[in-house]
Amino acid sequence: ENLQPVMSSPRVNSTLLPSFIGRSVTVVGRRTGTNGHMMHIEGPDGGDIAIDRSVSNRPWGTNFVEVVGVVGPDRTVRESRSTDFGNEFDLKMYNELVLLSNGPLKGLFV
C-alpha cells in the first residue's frame with residue numbers, strides 16, 4: 001500500500017494563532033467583513049481572524065465557515081480550503097473543543 005501522509009491542521013482560536021506561525025491550522029468562525037481578498041471571521045474565542053483568500057475561488061455560502069490554511073507571520077491564515085458550516089453554529093461550545101484539543105486531551109486529537 002502506498003499511503004500518503006496526512007498533514008496535521010490542529011483546531012485553533014485567535015489566541016492560539018501566534019503559536020502556529022508557518023503551520024497549517026483549522027479555524028472556525030462567523031463572517032464579519034471583507035477587504036479585497038481578505039475576509040475576517042470572529043473566531044470561537046471572540047477574536048478577529050484575518051483570512052487571505054487570494055488563492056481561493058470558492059465563495060463562502062454561509063455565515064459560519066471552517067478554513068484550513070497556513071498561518072503567516074502577521075497571524076493571517078492563507079486559505080487552502082474551506083467548508084461552509086451553516087448559519088447557526090455554537091462558537092462558544094466549539095471553543096471548548098479547541099481548548100481541550102490543545103490542552104489536557106491533546107493526545108486524543110493527534
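All of these numbers come straight from a predicted model, not from anything done at the bench.

## Some points on the overall build of the chain
Per the secondary structure count, the chain includes one helix and five strands. Start at the N end of the chain and walk to the C end: the helices and strands fall as β-β-β-β-β-α. Against the globule reference of 13 Å for 110 residues, the chain gives a C-alpha radius of gyration of 14 Å, in line with a compact fold. When the backbone C-alpha atoms are referred to their principal axes, the chain occupies close to 40 × 35 × 25 Å. The 110 residues of the chain split such that 39% are buried. For the chain, restricting intrachain contacts to residue pairs at least 6 apart in sequence, the fraction spanning at least 24 positions comes to 50%. About 6600 Å² of surface is accessible on the chain, with carbon and sulfur atoms providing 53% of the total. Here the chain contributes 11 positively and 12 negatively charged side chains, and the mean placements of these two sets differ by 3 Å.

## Section: the confidence of the model for the chain
Counting all residues, the mean pLDDT for the chain is 92, and 93% of those residues have values of 70 or more. By mean pLDDT, helix 1 (residues 91-101) is the weakest element of the chain at 95, and strand 3 (residues 48-52) is the strongest at 98.

## Some remarks on the pairing of strand 3
Consecutive side chains of a regular strand alternate in pointing toward one face of the sheet and then the other. Within strand 3, four of the five residues are buried, which leaves it mostly tucked inside the rest of the structure. Looking at chain direction, strand 2 (residues 38-42) and strand 3 are connected through five bridges and run antiparallel. Of the residues in strand 3, the one forming a bridge with Met-39 is Ile-51. Between the end of strand 2 and the start of strand 3, which pair antiparallel, lie five residues, with Gly-46 showing a positive phi angle near 90°. With two bridges joining them, strand 3 and strand 5 (residues 77-84) adopt parallel strand pairing. The partner of Asp-52 across the bridge, within strand 5, is Arg-78.

## Details of the packing of aromatic side chains
Taken as a whole, this structure holds three aromatic pairs when the rule is applied. When the ring of Phe-64 is compared with that of Phe-89, the centres are 6.0 Å apart and the planes differ by 45°; the resulting orientation is tilted. Taken as a pair, Phe-64 in strand 4 (residues 64-71) and Phe-89 in the loop between strand 5 and helix 1 lie far apart in primary sequence, 25 residues in all. Given a relative accessible area of 8%, Phe-64 falls into the buried group. Put simply, the rings of Phe-64, Phe-85, Phe-89 and Tyr-94 pair up and form one aromatic cluster.

Cut-offs used in this document
Each chain carries its own residue numbering, running from 1 in the written order of its sequence. pLDDT decides what is reported in this predicted model: residues at 70 or higher carry local features, side-chain atom pairs at 80 or more are listed and counted, and totals for whole chains, interfaces and linings draw on all residues regardless. No hydrogens and no water enter the side-chain calculation; it runs on all heavy atoms of the structure. Secondary structure elements are taken from DSSP: a helix is a run of H or I of four residues or more, a strand is a run of E of two residues or more, and numbering for both begins at the N terminus. When we talk radius of gyration, it's over C-alpha atoms, and the globule rule is simply 2.2 Å times the number of residues to the 0.38. Any residue under 20% of the maximum accessible area for its type is buried, any over 50% is exposed, and the rest in between are partly exposed; the area is computed with a 1.4 Å probe on protein chains only. Whether two residues are in contact is decided by their heavy atoms: any pair within 4.5 Å suffices. Per-residue and other accessible areas were derived by the Shrake-Rupley procedure at a 1.4 Å probe size, with only the shown protein chains allowed to occlude residues. Residues scored as positive are Lys and Arg, those scored as negative are Asp and Glu, and His as well as the terminal groups of each chain are ignored. A charged residue contributes its charge at one atom only: NZ of Lys, CZ of Arg, CG of Asp or CD of Glu. Per-residue confidence from the predictor is given as pLDDT, running between 0 and 100. Here, a strand pair is defined by DSSP locating no fewer than two bridges between the strands. Two rings belonging to Phe, Tyr or Trp (six-membered ring only in the last case) form a pair when the distance between their centres is within 6.5 Å. Interplanar angles under 30 degrees mark stacking, angles over 60 mark edge-to-face geometry, and anything in between is tilted.

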